[in-house]
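This is what each chain is made of:
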Amino acid sequence: MHHNGVLLEIRHVSQVFYSGSKRFEAIHDVNLAVREGEFTALLGPSGCGKSTLLRIITGLQSPTEGQVFYRGVPQQGVNPHATIVFQTFALFPWLTVLENVEVALEARVVPKKLRTARALDLLDRVGLDGFENAYPRELSGGMRQKVGFARAMAVEPELLCLDEPFSALDVLSAEGLRGELLELWTGNKIPTRAILMVTHNIEEAVLMADRIVVMDRNPGRVVFDLDVDLPHPRSQRDRQFMELVDRVYAILTGQTESEEVELGSAPGEPGRTRALPSISITDLAGLLEKLNEAPQNSTDIYRLSQDLKVDSNHLLQLIEAGELLGFATVAQGDISLTPLGETFAEASILARKEIFATRLRRLPLFKWLMTMLRAADKQRLELDVIQTALELEFPVEEARRQAETVVSWGRYAELLSYDDDSGMISLEPEQVETMRVSL
Ligand code: ADP
Ligand code: MG
């Protein structure tokens with residue numbers, strides 16, 4: 001039976017949860033078809049039902065309404081052709097790396113001799129050659145996640161579902177593992193026919209996926225479906241890559257004006273350099289958290305100034321920063337979180353830094369600073385030098401504030417560091433070799 005290459009399809013799926021007498025619709029009438037050969041990324045703010053959807057798709061949970069079809073056949077119960085990798089993959093601590101992969105094969109009734117050979121091969125492919133006999137506690141987080149991948153791949157799923165698989169990893173491990181997965185996938189080295197990956201990282205989605213599905217919440221639903229028509233390997237410095245990333249950001253931030261108009265130009269270039277509101281990211285996070293607690297994630301600005309107990313000037317600066325970074329929108333005296341702002345408000349500290357970093361990199365003033373640092377001897381510059389350069393754009397006092405703000409935001413994003421004693425700004429090591437990967 002052929003269904004136009006559609007591997008999985010969900011039709012009119014809704015999920016309602018009850019707690020006590022309260023009824024909560026987590027997912028409302030979602031329709032989605034995943035075709036063979038397709039790598040789909042699923043984006044959306046925390047709580048919009050992404051994990052719930054993956055559980056429904058793999059049959060770990062049956063939806064309140066609607067149906068799941070696999071190769072055209074209505075599904076009931078766990079789908080044996082699908083596997084999920086979670087953000088943190090649980091390994092059996094008392095088994096070695098090799099045994100952890102072998103157990104997955106045991107469940108598949110693969111003969112013992114074949115099991116070992118296949119497990120070794122998979123460990124080799126994810127770059128764990130030589131660690132077969134180690135125990136999970138002896139491995140780094142990134143290596144454990146690799147074992148998780150090897151285990152998921154051992155069962156050779158036709159449909160591989162990944163739930164934020166890289167977000168618990170440090171930058172380098174995440175980068176490595178993304179590369180391994182892409183190579184296995186694009187090189188047809190695994191029998192997997194389709195991948196569905198939940199992520200909060202837009203660059204990651206554009207780097208890896210053929211298609212990006214965006215969800216929003218209240219209730220959880222699909223709001224956008226976008227093809228990523230770029231050949232592999234993709235480069236983040238490619239113009240088309242950046243344009244797509246911008247488009248997805250615009251979808252998630254509900255941005256209407258073009259980015260050039262919103263963000264201004266870089267120092268030294270024609271046009272006006274937009275001053276950054278001088279606020280700390282901790283305060284901004286406080287504002288976003290507050291909004292996230294408000295009904296509909298939206299509130300009256302006047303009420304907010306009373307609730308947050310900040311003076312109105314400071315509040316206005318916080319709001320401006322929220323808008324500039326695409327975390328909030330303002331209309332008629334009300335401020336509302338964008339889906340990206342919601343994601344930030346509910347993300348872990350590491351994930352927040354990551355989201356913030358991707359936003360910061362788009363600001364002309366910050367780009368300018370990074371270019372200056374890359375060109376500098378040892379990739380270091382004095383804060384005073386930056387301030388002086390900014391005095392061509394801003395009055396002296398303002399130039400000082402701008403220099404301090406851009407540096408403190410860069411520190412928060414862990415893209416650069418600042419030494420109080422020497423007054424030197426420097427690039428974080430992984431930023432030096434320019435951002436072959438800027439994830
Ligand atoms: P996401 O993965 O997009 O962050 P989830 O699918 O985990 O979102 O959750 C969607 C919504 O459903 C959230 O509001 C969550 O609190 C709620 N939810 C998820 N699972 C359950 C459950 N078993 N019982 C009650 N509410 C749930
Ligand atoms: Mg989730």
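Residues numbered from 1 in each chain as written. Chains lettered and ligands numbered in written order. Predicted model: local features only at pLDDT ≥ 70, side-chain atom pairs only at ≥ 80, totals over all residues. Heavy atoms only, no water.

Peer 1: Just to check I follow, could you spell out the overall build of the protein for this structure?
Peer 2: Scanning the protein from N- to C-terminus turns up 17 helices and 16 strands. Relative to its length of 439 residues, the protein is compact, with a C-alpha radius of gyration of 24 Å against a globular reference of 22 Å. Projected onto its principal axes, the C-alpha positions of the protein cover 75 × 55 × 40 Å. By element, 50% of the accessible surface of the protein is carried by carbon and sulfur atoms, the whole surface being about 20,600 Å². Considering the protein, the positive charge centre built from 45 side chains and the negative charge centre built from 64 side chains are found 5 Å apart. (Helix = DSSP H or I, 4+ residues; strand = E, 2+ residues; numbered from the N terminus. Rg over C-alpha atoms; globule rule 2.2 N^0.38 Å. Areas by Shrake-Rupley, 256 points an atom, 1.4 Å probe, with all protein chains shown as cover. Lys, Arg positive; Asp, Glu negative; His and termini not counted. Charge placed at Lys NZ, Arg CZ, Asp CG, Glu CD.)

Peer 1: Is there a simple way to think about the site of ligand 1 in this case?
Peer 2: Inspection of the region around ligand 1 gives F17, F24, A26, P45, S46, G47, C48, G49, K50, S51, T52 and R55 as its neighbouring residues. One nitrogen or oxygen atom from the side chain of K50 is found 2.9 Å from an oxygen atom belonging to ligand 1. Here an oxygen atom of ligand 1 sits 2.5 Å away from a polar atom, N or O, in the side chain of T52. Protein contacts shield 60% of the accessible area of ligand 1, which totals 560 Å² for the unbound molecule. Where the shell around ligand 1 is concerned, the elements lending two or more residues are β2 (22–35) and α1 (50–58). Split by residue class, the shell around ligand 1 holds five nonpolar, five polar and two charged. (Near = heavy atom within 4 Å. Polar contact = N/O pair within 3.5 Å; in protein donor to acceptor, adjacent residues only side chain to side chain. Nonpolar A, V, L, I, M, F, W, Y, C, P; charged D, E, K, R; others polar.)

Peer 1: Explain the domain arrangement of the protein here, please?
Peer 2: Bring the parts together and some accessible area is lost; that lost area is often taken as the interface size. Domains assigned within the protein are domain 1 (6–251) and domain 2 (281–433). For domain 1 and domain 2, the distance between their C-alpha centres works out to 32 Å. Across the boundary between the two partners, domain 1 contributes 14 residues, which contact 13 residues of domain 2. Three residues stand out in domain 1 for area buried against domain 2, namely H200, R217 and Y249, and they jointly supply 42% of the buried area on that side. (Domains from an automatic or database assignment. Contact = heavy atoms within 4.5 Å. Buried area = accessible area lost by both parts, 1.4 Å probe.)

Peer 1: Sorry, what's going on with a nonpolar patch on the surface here?
Peer 2: Taken together, the side chains of L60, V78 and F86 define a hydrophobic patch exposed on the protein surface, amounting to about 290 Å² of accessible area. By the element assignment, V78 lies in the loop between β5 (73–74) and β6 (82–85). (Patch = residues over 30% accessible without salt bridge, like charges linked within 9 Å, V, L, I, M, F, W, Y side chains within 5 Å. Salt bridge = Lys/Arg side-chain N within 4 Å of Asp/Glu carboxyl O.)

Peer 1: Looking at this model, I keep getting lost on the packing of helix α14 (residues 364–375) against helix α16 (residues 396–412). Mind explaining?
Peer 2: Helix packing for two helices is described by the angle between their axes and how far apart those axes are. Following both chains from N to C, one finds α14 and α16 inclined at 80°, their axes separated by 11 Å at the closest point. Taken together, α14 and α16 sit at an angle that is classed as roughly perpendicular. Listed contacts from α16 to L365, F366 and L369 of α14 are Q402, V406, V407 and G410. Class assignment of the residues belonging to the contact of α14 with α16 gives a composition of five nonpolar, two polar and no charged. (Axes fitted to C-alpha atoms, helices over the stretch in contact; angles between N-to-C directions. Parallel < 35°, antiparallel > 145°, perpendicular 65-115°, else oblique.)

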